[in-house]
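Spelled out, the chains give:
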Amino acid sequence: MTARPLERAVDRQDASRDAPLNNAIRKNIVQLVPVLAIAYFFNYIDRTNVGFAALTMNHDIGLTNTQFGTAAGLFFVGYCLLEVPSNLALYRFGARRWLARIMISWGLLSAACAFVSGPTSFYVLRIATGAAEAGFFPGVVFYLSCWFPARARIRVLTWFLVAIPLSSVVGGPVSVWILALDELAGLKGWQWLFLLEGLPACIMGFVTLRLLRDDPKDANWLSDGERTALLEALAEEQASRPRKDFLAALRDTKVAILTGILFCYWIGINGIAIWLPLILKSHGLGNTEIGIFSAMPYLIATFAMIAWARVMERSGQHLLNMVAAFALTGAGLAFAVYDSALWPAMAGITMAVIGLSSIRPAFYSLPSRYLSGAAAAGGIALINAIGSLGGYVGPWMVGVLKDQTGSFEPGMSAMAVMLGVAGALTLVLKRITREA
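Overview of the structure. (Residues numbered from 1 in each chain as written. Predicted model: local features only at pLDDT ≥ 70, side-chain atom pairs only at ≥ 80, totals over all residues. Heavy atoms only, no water.)

This part takes up empty space enclosed by the protein. Summed over all chains, the structure comprises three cavities of 30 Å³ or more. Along the walls of the largest cavity sit 15 residues, with Thr48, Phe52, Ser168, Gly172 and Ala273 positioned nearest its centre. The leading source of residues in the lining of the largest cavity is helix H8 (residues 163-179), at five residues. Of the residues assigned to the lining of the largest cavity, the class counts are six nonpolar, eight polar and one charged. (1 Å grid on protein atoms, 1.4 Å probe; cavity = no way out; pocket = protein on both sides within 12 Å on 5 of 7 lines; lining within 4 Å. Points joined across faces, edges and corners; volume = space filled by probe spheres on them. Helix = DSSP H or I, 4+ residues; strand = E, 2+ residues; numbered from the N terminus. Nonpolar A, V, L, I, M, F, W, Y, C, P; charged D, E, K, R; others polar.)

Further remarks concern unusual backbone geometry. Positioned with a positive phi, Glu183 is a non-glycine residue whose angle comes to about 75 degrees. For Glu183, the location among the structural elements is in the loop between H8 and helix H9 (189-198). Judged by relative accessible area, which is 45%, Glu183 ranks as partly exposed. Residue Ala185 is not a glycine yet carries a positive backbone phi of 55 degrees. Looking at the element boundaries, Ala185 is found in the loop between H8 and H9. Take Ala185: its relative accessible area is 69%, and that puts it in the exposed class. (Buried < 20%, exposed > 50% of the residue type's maximum accessible area, 1.4 Å probe, protein only.)

Another point: the packing of aromatic side chains. The geometry of two aromatic rings is summed up by the distance between their centres and the angle between their planes. Here the structure, examined in full by the defined rule, presents 24 aromatic pairs. Between Trp190 and Phe194, the ring centres sit 6.4 Å apart and the planes meet at 85 degrees, which makes this aromatic pair edge-to-face. Of this pair, Trp190 and Phe194 both sit in helix H9, four residues apart, which is roughly one turn of that helix. In this pair, the class of Trp190 matches that of Phe194, namely buried. Ring plane angle 85 degrees and centroid distance 6.4 Å describe the contact between Tyr265 and Trp266, whose orientation is recorded as edge-to-face. (Phe/Tyr/Trp six-rings, centres within 6.5 Å; stacked < 30°, edge-to-face > 60°.)

So, in structure tokens, the structure goes:
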């Protein structure tokens, strides 16, 4: 047999051997990812709909820009305090029940924001909602790492995380439409907004109980051969990583750097998401126009995120792509500040949203490459808990600077600087790990 036919025979043999694993991955994507993505879709709407509620709520209950920014960010105080305990509980009690508990409780508390009457009640409910949601996102990331080998995680995380830009594409116009229900049944439009966008999370909690499984061993949609191939691939990856407990994760330099990157990242992503409706309002747009314009950057980012993820999956250069995305984001915010007219500002914000959206799949594929077992569950939660405090700093910082200067430009400039720091930390991580 000549060399070329021999190579083709080896390739066919490898493909035949990989077929059960590839089939298992495809079936898991179909079974698990849509449920989790829809849940995250409503989750992110519940996080950011305060920006649209603020168009009328701030006047109705007497909130200043600083008070609104503080309330929007206080969500992350409750979220961060309970993030690690919640994810360790998920590891102990199983993802299906724990994720369902999170969805039902955060949905109820988010809907309850319809009945706030001033700054204090709004502060309390935002903290409580964050506490109820704690553990959801890192829990899903850990859960997916238990069902998909490393080679498929960028692809899987992308299809899960595409729920974020899509939630803004749909959420903006829908939120504006709901605001128009003002005085229906004696409720303000912003009250209907919290009710109608909060309660679907409760429904998704019961769907999760019905459709998810805690372990690939219980996946009745897989054949015996597919299940065996998947479990062997996951076990091989686990064996290749050093065994660490949660305390070891606390001392890991890579965990500290990832936490710093995420902190800076959240300053940018939440600062834009929360304040974009009011930024557009400052350009003299009406509520309907705000709904349309706020959706545009996220619609473009949805397609860009999927395309960029394919590039990362094929090249394997996750960290270099993250650096490029941070650079794009910082440049976009700087451009939006340089020319604050509506269309140039929108172009800059769109660049920033594309970069921020494309960073997520690469970033959240990293912790499970360095950690396993309880260290992975707790470490991912720790990174997300402390890093997500940036989600408080971003909205608060923009609100304070807006009250002090009368402009959104200083806040956007500060976000651009912090995203530059995130890019520098990513380069440090690349140097430490010697990865692409």
